[in-house]
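Structure at a glance
What follows is each chain in one-letter form.
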Amino acid sequence: MIVLPAIDIKGGQCVRLVQGDYATAHKVAEDPFETAAGFLKAGARWLHMVDLDGAKEKRPVNLSLFKEMIAQSGLKVEAGGGIRDMKTIEEYVNAGVARVILGSAAVKDPQLVRESVKEFQDKIAVGIDAKDQYAATEGWTDKSTMHYLELAKRMEDAGVSTIIYTDISRDGTLKGLNGEELDAINRAVSCRIIASGGVRSIEDIRLCRQLELYGCICGKALYTGQLDLAGTLREAGEASC
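Residues numbered from 1 in each chain as written. Predicted model: local features only at pLDDT ≥ 70, side-chain atom pairs only at ≥ 80, totals over all residues. Heavy atoms only, no water.

In the numbering used here, UniProt assigns the "active site" (unreviewed entry) feature to Asp8 and Asp129. Mapping Asp8 onto the fold places it in strand E1 (residues 2-10). Residue classification places Asp8 among the buried residues on the basis of a relative accessible area of 10%. Along the polypeptide, Asp129 turns up in strand E7 (residues 124-131). (UniProt positions renumbered as here; feature names shortened; annotations may be inferred. Helix = DSSP H or I, 4+ residues; strand = E, 2+ residues; numbered from the N terminus. Buried < 20%, exposed > 50% of the residue type's maximum accessible area, 1.4 Å probe, protein only.)

Right, let's talk about the side chain of Thr173 for a bit. Mapped onto the fold, Thr173 is located in the loop between strand E10 (162-167) and helix H8 (179-188). Looking at Thr173, its side chain comes within polar contact range of the main-chain oxygen of Arg170, at 2.5 Å. Ignoring any residue separated from it by four or fewer positions in sequence, one finds Thr173 in contact with Val18 and Gln19. (Polar contact = N/O pair within 3.5 Å; in protein donor to acceptor, adjacent residues only side chain to side chain. Contact = heavy atoms within 4.5 Å.)

If you walk through the whole model with that rule in mind, you get three aromatic pairs. Here Phe39 and Tyr223 contribute two aromatic rings whose centre-to-centre distance is 6.3 Å and whose plane-to-plane angle is 70°, an arrangement assigned as edge-to-face. Remark: Tyr223 occurs in helix H10 (residues 220-224) and Phe39 occurs in helix H1 (residues 32-42); sequence separation between them is 184 residues. Pairing Phe66 with Tyr92 gives two aromatic rings, centres 6.3 Å apart and planes at 75°, and the pair type is edge-to-face. In this pair, Phe66 is assigned in helix H3 (residues 63-72) and Tyr92 in helix H4 (residues 86-95), connecting sequence segments 26 residues apart. As far as burial versus exposure is concerned, Phe66 and Tyr92 are alike and both buried. (Phe/Tyr/Trp six-rings, centres within 6.5 Å; stacked < 30°, edge-to-face > 60°.)

So, in structure tokens, the structure goes:
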């Protein structure tokens, strides 16, 4: 199982939100590049990045910073936030991104998902962010009428190979992952599932392994020191992936 330490960018700074509420944004590190270097030193191979400004503005806002991170960090970067067209996807792919994450587009523009998967195959991932089991869009500010399992099945039909599932009610809260919903989505589709939202301890990593998930994103617990990244990577068995 892979572990993806997270860097969320708002106003050029590393921040974390609580339950997707932009009003709760607080800086958790001084410099995103130094933070990524620390992740690499601890043994990480992957980095999960979200352009929070882009998610809200429906367009890339911090693209230049993301491109620099992709080029310099030495990590495999998956990136999302405000990616709504093929031009932006191509920019990220040409910059060397490992995976482009489509979020709102999965609900609002399924044709873009199909086209991008056809063109870029497993470099496309879909982020399903759910509130009370229904997908949320527009930087989590809008709640759709699409149940998360139905959306997952549609993404599978579109050829998506990787889904990042987040229970918004747990994100940034350190309450632990929603194992029940993660198990349900992992059983519902053949896509690789990455868990996100609420990771608080090594027990969440063990849960992901028990559920046979592909990966787990760790954010706030790393910044608060509740999780040690090197130990988390060992628990995940990432060295054998």
